Amino acid sequence: MNCPSLIVGGYHDHVHILALLSKKVTLVSLLEQLKTESSKWMKTLSPDLKDFYWQDGYGAFSVNPAQVEVVSNYILRQKEHHKKKSFQDEYRSFLIKYKVDFDEKYVWD
């Protein structure tokens, strides 16, 4: 989709993708295609994953080009990072830090 990923990583219950977004592709269409194709792929890996699905929502944040290395290092250190802070606590703190209005009952599947 002409949206090259710079780095992909995550931990047990989430994935981080640092990618360039094409001027011709909407974020929602990129994530819809990514979730669809990766779900299909996951189901081919093991019979235990036949019911695999992604949650309905997603979080997306723009990154200052000067911060790409910082964000890349953050993605690479997910295992270490989540020994100190859960994904839920981390995501909640992002939403608060960037002043995103949210209702907790709609954030988690």
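Structure report, in brief. Please read all numbers here as calculations on a predicted model, not as lab measurements.

1. Quick word on unusual backbone geometry
With a phi close to 60°, asparagine 2 is a non-glycine residue in the positive phi region. Here asparagine 2 is to be found in the segment before β1 (5–11). For asparagine 2, a relative accessible area of 63% translates into the label exposed.

2. Thoughts on the side chain of serine 38
Relative to the helices and strands, serine 38 is located in helix α1 (residues 27–45). Engagement of the side chain of serine 38 in a polar contact is seen with the backbone oxygen of leucine 34, the distance being 2.7 Å. Engagement of the side chain of serine 38 in a polar contact is seen with the backbone oxygen of lysine 35, the distance being 3.3 Å.

3. As for the pattern of salt bridges
For the structure shown, the criterion picks out four salt bridges. Residue glutamate 37 is joined to lysine 40 by a salt bridge in which the shortest nitrogen-to-oxygen separation is 3.6 Å. On the criterion of helical spacing, the pair formed by glutamate 37 and lysine 40 is a turn pair, its members being three residues apart in helix α1. Note on glutamate 37: relative accessible area 39%, which makes it partly exposed. The salt bridge partner of lysine 50 is aspartate 51, with a shortest N-O separation of 3.3 Å. Considered together, lysine 50 and aspartate 51 belong to a single accessibility category, that of exposed residues. In the salt-bridge network here, residues are joined through shared partners; they are Asp89, Arg92 and Glu104.

4. Overview of the pairing of strand β2 (residues 14–19)
Only one face of β2 is covered, namely the one carrying His14, His16 and Leu18; the face carrying Val15, Ile17 and Ala19 has none of its residues buried. Examined bridge by bridge, β1 and β2 share six bridges and lie antiparallel to one another. Across the sheet, residue glycine 9 finds its bridge partner in β2, namely histidine 16.

Rules and cut-offs
Residues numbered from 1 in each chain as written. Predicted model: local features only at pLDDT ≥ 70, side-chain atom pairs only at ≥ 80, totals over all residues. Heavy atoms only, no water. Helix = DSSP H or I, 4+ residues; strand = E, 2+ residues; numbered from the N terminus. Buried < 20%, exposed > 50% of the residue type's maximum accessible area, 1.4 Å probe, protein only. Polar contact = N/O pair within 3.5 Å; in protein donor to acceptor, adjacent residues only side chain to side chain. Salt bridge = Lys/Arg side-chain N within 4 Å of Asp/Glu carboxyl O. Pairing = 2+ DSSP bridges.

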